[in-house]
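Working through the structure, step by step
So the chains spell out like this:
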Amino acid sequence: MNCNKCGLEILDGAKFCPNCGEKISNVTEESNNSQSVNDGEIENSNGENPENATEETIANSEKNSTESNNHPSINNVSSTIDDEHDVLVNTSKNKKKYTIIGIVSFIVILVIATAISCFIFFEKPSNNAVKPVVYETDSELVVIDSLGNDKSKTKTIKISDDYAGRYCFSENNKYIVYSENEEDHDDDYDGSDDRTTFDIYCKKIGSDEEGTLIAKNASSIDFVSGDIEKIYYGKNDDIYYADSKGDSTKLAKDAYCSEITKDKKFAFSAKYIQGEYDSESDTTGESSYDLKYVDLTSGDIVKICDSASNYSYNENNDVVYYTKNNKLYVSDVNGKETAISKDVVDYKYTQSGKVYYLCVDKEYTYYDFVEDSFRDSDNKITEPVWDDYAPDQADFEKQVYDDFWQEYTTQTDYEAYDKAYENAETKYESDRQKYEEACERIELREELMSETDYCSYTLYCFSGSESNKIAENICEEEVQGIYDWLPTAEDKENLADAVTVYTYNKPLADLKKISISKVTDCDDVDNYIAESLKPTRVLATDSGIVNLDINKKGLTLYSVILKDDKYILSYSRESKNEKDLDREVIYTLPKSAKSIDEASLLVENVYGVTWINNKLVKFTDYNSISGTATMEYDNQQITDVEPDCILQKDGETDFIYATDYDEKTRESSVYYYSNGKSNKIADDIYFDSFTQLDGKYLALTDYDDDDGTLICIDGDNQFEIDSNVERIHNNGFISYYCISVNYEY
């Protein structure tokens, strides 16, 4: 650019002419063509290469500098130019500073935006509708969509008026799949699983349209994947799936959806094979199961085992344990099988993947417990024959000379003969008795030898790669699982990593034998063993066993559960009073305990206990007629509570309980407990039907064993919704159960 006054070419962006000192007024501040000086470098704001862009400028600057020495005016303004140069440099630095701040801010904003986008993208949308409350009448299936202040403002949706007893929801709870037109086929049963068939329909909840027919003559509704992507069902011993329009595809032949794996990728199929009937002996052979996994995407079948004696599977349903020919196996969904052991009589698996199992160590016949000193003689004895014992009369005859007749005559010594005959009879009868006794012993011996009711077992633990011996001298062929403490009595799948078994106080082989002369049958041996040996329940882990005999007279162990890091041991106290039901004594045993001596008394003389909000609840003064007890919770006593009728919403501390149970009507009064106070919700409620929706309660009243009246309870406001209702589904509560010696877990 040039000076307007003298015409000298000057640097772009200069405010004064270096020749005449004229102020350059036509310069646009912060122009797009401005240049800035930074650390001795000239940067071109248009993005050109500084080395190429500044050659001419530098030359002009040198020329101007030379000319300035010949003009005094330049000296007058030199300080001004220097000041302007400093301003330009500072401005450049500030611009750089703000540029850096802007870049950093942009990066921060970009990172935050990216994080939010990832969260939105990967977070599963929680658009699932609340699981509806469904109720059934004799033939109808009805969904309660919303509750109003009265019946007219309550919205119910009739799903079916020919309901056949089966339904399930889609994953988002917006669709319901249900059955209609049920038919029984017992008369023409052909051995398949289709004794009962029905038609399957699908309906969007809230829609006024009729349900869509999915399949006819199906035998099961297995599950719905996705929102309503695939509906899996069983038909003719095969697995099918269909879309929401009813277009069906056969997925797998000769298979069932007995269980679905937790990831919903496979179906576990266990086909029941009934044992063959023998008309001659009027007996039926042992039943068995054909086991397999079915890939729910491809329909590929992975055969696990044919003719398994029994089976069980883990929590995710993707590992199956089974026995065949007394051999124990484990297999995954891919058919990878591991043989664990032979001679297995029982087993239990734990959620950690360990398997505890019993193997026969030695079989005992009843005869093994009998001392028999007659065996050799009995084997040699023969049946006595009278002719071998009877005296010969000729032996008692003799010739006597008769002087009168002058001849010899034969005379018998009848006195001696009679005595000999008597001795022979005695001997015969004695030997006969010995023979008969020997025969009885031989028969008894055969019976005792043929019965093998007693065995000693060894307990092992399989941890995935090898088995370790845990305990010997196990006396019962049963492994009992231990359950972690769970709120509901129905949900017991969370098995603790331990089991219990029974052992004798001494090995069977060390038992002193009973004389065969004191034995008449196997029962005598049973009684002798029962009197001589005492079964003891022991806790078994992979590190050993702990005898659970509390060493206190009159206490019998009834149940063992695991709560937190302690075992809860429930014992029954002996009582001669039949009405004394408060006879439970509970000890706690640390999970790491090595001896029962580490057990601590928790509570005694109670009917039962439970835990609510992790606080111990005691039940006492149980009334067997009313089925109620006094509940002690948080230092308060509540009378007439039904121990197994306590409900709680998940995540809440308040709870609901039932009192005043009427055995005839099966109805109770229902209370709400909060902050130490009990408030009555309603009377005459069939407690098993109690549920909640929209902050209001639903329940059946006027129940008569088959159905009742469905009512809504909203404080003091109660109104009828429907009559002749048989059951309500989806109560939305956690149900607590009572640990009591009156029933064992």
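On to the sheet that holds strand S50 (residues 727-729), then. Spatial ordering of the open sheet is given by S5-S4-S3-S50, a layout of four strands whose pairing is antiparallel. Bordering the open sheet on either side are strand S5 (155-160) and S50, each of which pairs with just one other strand. On average, adjacent strands in this sheet sit at an angle of 25° to one another, irrespective of strand direction. Both strand S4 (residues 141-146) and S5 contribute to a ladder of five bridges, which runs antiparallel. Residue Ser-146 lies in a different strand from S5, and its bridge partner there is Lys-155.

In total, this model carries 35 aromatic pairs according to the counting rule given. Ring geometry for Tyr-289 and Tyr-311: centres 5.1 Å apart, planes at 80°, overall edge-to-face. Of this pair, Tyr-289 sits in strand S18 (residues 288-295) while Tyr-311 sits in strand S20 (residues 310-313), and the two are 22 residues apart along the sequence. Clustering of aromatic rings is evident, with ring pairs tying together Phe-268, Tyr-272, Tyr-289, Tyr-293, Tyr-311 and Tyr-313. Its end group placed over the ring of Tyr-241, Lys-230 keeps NZ or CZ at 4.4 Å from the ring centre.

A word on the layout of surface pockets. Estimates place the volume of the second largest pocket at around 550 Å³. Every element with two or more residues in the lining of the second largest pocket is listed here: strand S43 (636-648), strand S46 (677-693) and S50.

All right, on to a negative patch on the surface then. A surface patch of negative charge is lined by Glu-437, Glu-440, Glu-443, Glu-446, Glu-447, Glu-451, Asp-453 and Asp-523. With five residues, the single largest contributor to the negative patch is helix H5 (residues 414-450). In this structure, Glu-446 sits in helix H5. When its relative accessible area of 52% is taken as the criterion, Glu-446 is described as exposed.

Our next topic: the confidence of the model for the protein. The predicted model of the protein averages 83 in pLDDT, with 80% of residues at 70 or higher. This stretch, residues 189-193, has a pLDDT under 50; its non-local contacts, to residues over four places away or in other chains, come to five contacts.

All right, on to the environment of Ser-258 then. Residue position: Ser-258 is located in the loop between strand S13 (248-252) and strand S14 (259-260). A relative accessible area of 29% means that Ser-258 is categorised as partly exposed. Distance from Ser-258 to Asp-222, taken between C-alpha atoms, is 8.2 Å for residues 36 residues apart in sequence. Ignoring anything within four residues of it in the chain, the contact list for Ser-258 reads Phe-268, Ser-269 and Ala-270. A polar contact is formed between the side chain of Ser-258 and the backbone nitrogen of Ala-270, at a distance of 3.0 Å.

Let's shift gears to unusual backbone geometry. Here Asn-613, not a glycine, exhibits a phi torsion of approximately 55°, which is positive. One can find Asn-613 in the loop between strand S40 (608-612) and strand S41 (615-623). For Asn-613, a relative accessible area of 26% puts it in the partly exposed group. Phi angles above zero are rare outside glycine, and Asp-634 is one such case at about 55°. You can see Asp-634 is positioned in the loop between strand S42 (628-633) and S43.

What counts, and where the lines are drawn
- Residues numbered from 1 in each chain as written.
- Predicted model: local features only at pLDDT ≥ 70, side-chain atom pairs only at ≥ 80, totals over all residues.
- Heavy atoms only, no water.
- Pairing = 2+ DSSP bridges.
- Helix = DSSP H or I, 4+ residues; strand = E, 2+ residues; numbered from the N terminus.
- Axes fitted to C-alpha atoms, helices over the stretch in contact; angles between N-to-C directions.
- Phe/Tyr/Trp six-rings, centres within 6.5 Å; stacked < 30°, edge-to-face > 60°.
- Lys NZ or Arg CZ within 6 Å of the ring centre and 35° of its normal.
- 1 Å grid on protein atoms, 1.4 Å probe; cavity = no way out; pocket = protein on both sides within 12 Å on 5 of 7 lines; lining within 4 Å.
- Points joined across faces, edges and corners; volume = space filled by probe spheres on them.
- Patch = residues over 30% accessible without salt bridge, like charges linked within 9 Å, V, L, I, M, F, W, Y side chains within 5 Å.
- Areas by Shrake-Rupley, 256 points an atom, 1.4 Å probe, with all protein chains shown as cover.
- Salt bridge = Lys/Arg side-chain N within 4 Å of Asp/Glu carboxyl O.
- Lys, Arg positive; Asp, Glu negative; His and termini not counted.
- Charge placed at Lys NZ, Arg CZ, Asp CG, Glu CD.
- Buried < 20%, exposed > 50% of the residue type's maximum accessible area, 1.4 Å probe, protein only.
- pLDDT = per-residue confidence, 0-100.
- Contact = heavy atoms within 4.5 Å.
- Polar contact = N/O pair within 3.5 Å; in protein donor to acceptor, adjacent residues only side chain to side chain.

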